[in-house]
Amino acid sequence: MFDSICVRQTAFGNEPPLDVGLLAEALLFYERVVLILNRAVFVQLLDTLGPEGLLRLVDSHRVSCSYCNQFTGVSTEDVGGPSERFFLGIAEMPHTAIDQLAAEEFRRITGKSGRGRRLADRFLQHVDEVRLDPTISESATADALDAAYASRLVRDGLRIMSPGYQPPTELAFELEPLSEGRLTLRTNLELEQVNRVWRFGSDQQITAAHLLGWILTVHEEFAFSGSFASEMVTNPFSSSLLRVKTEELLARERSAAVQGEFQDLVCDGVRSVREAVNSRERSLLDALELAEHGQRFRDWTSTIDVDLDLVREYLRACTRDGLLDQLPAKAVRFLVVTGGGTAAGLAVTGPIGVAAGPVLGAIDFLADVLRRGWRPSQFVEGRLREFVGD
C-alpha cells in the first residue's frame, strides 16, 4: 500500500473536474502520484495554482505527469427509434492536443505571448503524452455482451445513482452484436423512473447510452491504473463499478495462481487536508511542500499490508505536522485487494505497457500485470458519510 496512486478527473455530478484537496491527500499518503491531465484538469490547475505554481507541481519528484487527449464514449444511432443501436469507442479533439493547448492557456493566463510560450515550453518538458489502446472499446464491447456481468454492473451503479429506484428482480440488460461493432439493447429497466430519482436531478436525463458508458469507464480506469501499476482514486459510484470487474478478473486469474479478495479499511483520526485545501484554508502547494520535505515514514510502506492499526497510525503520521495539526479529524476509506504479490517496483513491460510505449492497455494487459503482482486497490474519496446509508 501507499507506493503509487493514479489521480485523474474526479468530477462527480456538477463538481469541478479535479478535487484538488484529494490530490493534496494523495501527495501526503503516497510515495508517487501519477497525475493524468486532460484539457479540463489542466485548465483548472493552471487557474488554481497560477503558472509558476503549476510548474512547481509538475517539476516535483513526487509527481509523474501525463496528458491524455482521448476519452471513451458511447454513440447512439437512430435515437429512440426501432433500430436504435450503440457503439462503444474512443475519441479525441485535435484542438486540445497538449502542445497547442499549453501555448494557448499560458498565453491567456499571463497576457503575454512570449512569456506564455516560454512557460508552456517549460511545462511540456515535464509532461508525457499517453494514448488509450484502441482495443479498450473491443474489450468493453465484449463485457457489454456478457449479460450477467452487464446486468450486475448496472444494478450496482443504479443503487448509488438512483437510490430510490427498485430494479426488476430479474434485471435484463442484454445486448446483441450487429455489424461494424454496433450493439442493440433489450432491457426491462424503466428509465423514466430511474430519472425521477436520479441523484443529480431530473434535468439530467439518463439514457441507455449512459449506462453502457459505465462499462467503458471501468476499462478506461483500469487502463490508467494498471499501466502505471498504481492504486486508484475512486468515488463511491466508480468504486462500485470497479469492484464488479475486479472480482471477475480475480476469479478468472485464480487459475494463474493469482489470489485476492477485497477488504474495506476505514481509518479515523486523519486530519481533514482535503477539506482544508478545497476551502482554501490550506493550499495544494502547502501539501506538496510537506510531502517533499516532511517526515514521510516511507520505510513503513514496504511492510504495510492490511493491518488496520498500522495503516491508521501511518495516515495519522502523514498529517501530523504543525501546518495541519489544528485541522479537524475525519475518516478515510481504502478498498484493498489482499493477496500475494505487491506492485512496489513492478516493471510493466511488453507491447502495451507504458514502460514500452505511450499506449494504455486493455483488460488482457491487466490480466498480465495481475499475475505479476499488481493489486487494483482503491483510495475511495470522501462523502463516506453521505453514502454510508445507500
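Residues numbered from 1 in each chain as written. Predicted model: local features only at pLDDT ≥ 70, side-chain atom pairs only at ≥ 80, totals over all residues. Heavy atoms only, no water.

Brief notes about the side chain of T110
Quick note on the threshold: Counting from the N terminus, the helices are the DSSP runs of H or I reaching at least four residues and the strands are the DSSP runs of E reaching at least two. Burial status follows relative accessibility: with a 1.4 Å probe on protein chains alone, a residue under 20% of its type maximum counts as buried, one over 50% as exposed, and anything between as partly exposed. Residues adjacent in sequence count toward polar contacts only when both atoms are side-chain atoms; beyond that, a polar contact is any pair of N or O atoms within 3.5 Å, and within protein one must be able to donate a hydrogen and the other to accept it. The contact criterion used is simple: two residues touch if any of their non-hydrogen atoms lie within 4.5 Å.
Along the chain, the position of T110 falls in helix α3 (residues 98–110). Overall, T110 belongs to the buried group, its relative accessible area being 18%. A distance of 3.2 Å separates a polar atom in the side chain of T110 from the backbone oxygen of K112. With residues near it in sequence (within four places) discarded, T110 still touches P51, R115, G116 and L119.

Let's talk about the packing of helix α2 (residues 39–58) against helix α11 (residues 284–293)
Counted only if it meets this: Orientation is described by lines fitted to C-alpha atoms, with helices fitted over the stretch in contact, and by angles between N-to-C directions that extend from 0 to 180 degrees. Small angles under 35 degrees read as roughly parallel and large ones over 145 as roughly antiparallel, with 65 to 115 read as roughly perpendicular and the rest as oblique. Note on residue categories: nonpolar means Ala, Val, Leu, Ile, Met, Phe, Trp, Tyr, Cys or Pro, charged means Asp, Glu, Lys or Arg, and polar means any other residue, Gly included.
Closest axis-to-axis distance for the α2/α11 pair is 10 Å, and the angle between their directions is 25°. Comparing the axis directions of α2 and α11 gives the class roughly parallel. Where α2 abuts α11, its residues L45, L49, G53, R56 and L57 lie against L284, L285, L288, E289 and E292. In terms of residue class, the contact of α2 with α11 is made up of 6 nonpolar, 1 polar and 3 charged.

A few points about α2
Defined as follows: By definition here, a helix of n residues has an expected span of 1.5 Å times n minus one. To get the bend at a residue, fit one axis to the 7 residues ending there and another to the 7 starting there, then take the angle between the axes.
Relative to the 28 Å expected for 20 residues at 1.5 Å per residue, α2 spans just 15 Å between its end C-alpha atoms, considerably shorter than the ideal helical length. For α2, the principal kink sits at G50 and spans about 110°; a proline, P51, occurs within the next four residues. Counted residue by residue, α2 has 14 buried out of 20 residues, so it is predominantly covered. Looking at where α2 begins, the residue whose side-chain oxygen comes 3.2 Å from the main-chain nitrogen of A40 is N38.

Here we look at unusual backbone geometry
For D78, which is not glycine, the phi dihedral falls at a positive 55°. Locating D78 in the fold gives a position in the loop between β4 (70–77) and β5 (85–92). The exposure class of D78 is partly exposed, given its relative accessible area of 34%. For R280, which is not a glycine, the phi torsion comes out positive at approximately 65°. Along the polypeptide, R280 turns up in the loop between α10 (273–278) and α11. Exposure remark for R280: the relative accessible area of 74% places this residue in the exposed category.

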